[in-house]
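# A structural walkthrough
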Amino acid sequence: MRVAGAAKLVVAVAVFLLTFYVISQVFEIKMDASLGNLFGKFLFFSPFLEFHFLILSNKNNFFSLARSALDAAVRSTKPPRYKCGISKACPEKHFAFKMASGAANVVGPKICLEDNVLMSGVKNNVGRGINVALVNGKTGELIDTRYFDMWGGNVAPFIEFLKAIQDGTIVLMGTYDDGATKLNDEARRLIAELGSTSITHLGFRDNWVFCGGKGIKTKSPFEQHIKNNKDTNKYEGWPEVVEMEGCIPQKQD
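Residues numbered from 1 in each chain as written. Predicted model: local features only at pLDDT ≥ 70, side-chain atom pairs only at ≥ 80, totals over all residues. Heavy atoms only, no water.

### Structural notes on the state of the cysteines
Under the definition given, this model contains 2 disulfides. Each sulfur of the disulfide joining cysteine 84 and cysteine 112 lies 2.1 Å from the other. Linking cysteine 84 and cysteine 112, the disulfide has an S-S dihedral of approximately -85 degrees and is accordingly described as left-handed. Here cysteine 84 is found in the loop between helix H3 (49-77) and strand E1 (94-100), whereas its partner cysteine 112 is found in strand E2 (residues 110-113), with 28 residues between them in sequence. Of the two residues, cysteine 84 and cysteine 112, both sit in the buried class. (Disulfide = S-S within 2.5 Å. Helix = DSSP H or I, 4+ residues; strand = E, 2+ residues; numbered from the N terminus. Buried < 20%, exposed > 50% of the residue type's maximum accessible area, 1.4 Å probe, protein only.)

Below you can see the structure in the form of structure tokens.
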């Protein structure tokens, strides 16, 4: 009876340790000691040596098989992750991107391309107005990042910046706080030539994200715009954050 009771105790502890191991794998908790060592230490103190040595002789194979099965189960339950956290993989010769406008005047916009965060509050390279990232359309390499204050700033530097963009450049833009007050017709026209449709009616504190390119022959499909409307705004004085993701075709020679 005592041997049977001890066997049940050992099995119960083994089940407990396996359960803890599964949880630690799912939540990516690092364990300082392996299950085998923990289980071995428990067995070492067991007074029932016959049962102890029987378990020890098979525990390495047991835990090896258990670990393989559990790792496979964990891998099968985790959804695949694609570049920039987009919902599906991009085809060959395309760049994955994801971007979000700012949230009110509190959280800055974020622009990610090919799993590289180009602009964000964490990188400390965003600001009030229109935030712009320029990317080489052939290689996907970052060319420049800028932001232009369209509330208290001057639109002239922004116009000069837009005029200097080279053909074949991917242009990603996102608003933060207010991106429209200082915009004039010339600035709007230059952005429209990059493929934007919404820029012509972008208004005070609207949220807007856009991805286009210099030399584009058609309107870009990558654009999202939410109007500032006191009846529908999520935040007091600002609409909700607007997000967008997609796959940008790589420029071919």
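Next, the rest of the story.
### Here's the deal with the confidence of the model for the protein chain
A residue-level look at the protein chain finds 70% of positions with pLDDT of 70 or above and a mean pLDDT of 81. Note that residues 25-57 has pLDDT below 50 and, in this model, 35 contacts with residues that lie over four places away or in other chains. (pLDDT = per-residue confidence, 0-100. Contact = heavy atoms within 4.5 Å.)

### Remarks on the pairing of strand E7 (residues 207-213)
Of all the 7 residues making up E7, 7 are buried; the element is thus mostly covered by neighbouring parts of the structure. Residues of E7 alternate between two faces, with Asn207, Val209, Cys211 and Gly213 on one and Trp208, Phe210 and Gly212 on the opposite face, all of them buried. Two elements, strand E6 (residues 169-176) and E7, share 5 bridges in a ladder whose sense is antiparallel. Across the sheet, leucine 172 pairs through a bridge with cysteine 211, a residue of E7. Bridge analysis of E7 against strand E8 (residues 222-226) gives 5 bridges, and the strand direction is antiparallel. Opposite tryptophan 208, over in E8, you have histidine 225 as the bridge partner. (Pairing = 2+ DSSP bridges.)

### Describing the environment of histidine 94
For histidine 94, the position within the fold is in strand E1. For histidine 94, a relative accessible area of 28% gives the class partly exposed. Sequence separation of histidine 94 and lysine 138 is 44 residues, and the distance between their C-alpha atoms is 9.8 Å. Sequence-distant contacts of histidine 94, defined by excluding residues within four places in its chain, comprise Glu114, Cys247, Ile248, Pro249 and Gln250. Within the local environment of histidine 94, its side chain forms a polar contact with the backbone oxygen of glutamate 92, the two atoms lying 2.9 Å apart. (Polar contact = N/O pair within 3.5 Å; in protein donor to acceptor, adjacent residues only side chain to side chain.)

### Description of the environment of asparagine 116
Structurally, asparagine 116 is set in strand E3 (residues 116-119). Asparagine 116 sits in the partly exposed class, given a relative accessible area of 47%. Distance in space between the C-alpha atoms of asparagine 116 and lysine 83 is 8.5 Å, their sequence separation being 33 residues. In contact with asparagine 116, other than residues within four places in its own chain, are Cys84 and Ile111.

### Some details on the nonpolar core
One finds Ile130, Val132, Phe158, Leu162, Met173, Leu183 and Trp208 to be the most contacted residues of the largest nonpolar core, which totals 24 residues. Looking at this core, the elements that each hand over two or more residues are strand E4 (129-136), helix H4 (155-163), E6, helix H5 (185-192) and E7. Ranked by the residues each element gives to this core, the list is headed by H4, at 5 residues. The contact partners of phenylalanine 158, leaving out residues within four places of it in the chain, are Ile130, Val132, Phe148, Met150, Met173, Leu183 and Ile191. (Core = buried A, V, L, I, M, F, W, Y, C linked by side-chain atoms within 4.5 Å.)

### A look at the pattern of salt bridges
Going through the model one piece at a time under the given rule, you end up with 8 salt bridges. Among the ionic pairs, aspartate 206 bridges to lysine 227, the shortest N-O distance being 3.0 Å. Here lysine 227 lies in the loop between E8 and strand E9 (243-249) and aspartate 206 lies in the loop between H5 and E7, a separation of 21 residues in the sequence. Using a relative accessible area of 2% as the deciding quantity, one classes aspartate 206 as buried. (Salt bridge = Lys/Arg side-chain N within 4 Å of Asp/Glu carboxyl O.)

### Side note on the sheet that holds E9
Within the open sheet, the 4 strands sit side by side as E3-E2-E1-E9. Their pairing is antiparallel. Of all strands in the sheet, those with a lone pairing partner are E3 and E9, marking the two edges. On average, adjacent strands in this sheet sit at an angle of 25 degrees to one another, irrespective of strand direction. Relative to E9, E1 runs antiparallel, the two sharing 7 bridges. From the neighbouring strand, lysine 98 faces E9, where its bridge partner is glutamate 245. (Axes fitted to C-alpha atoms, helices over the stretch in contact; angles between N-to-C directions.)

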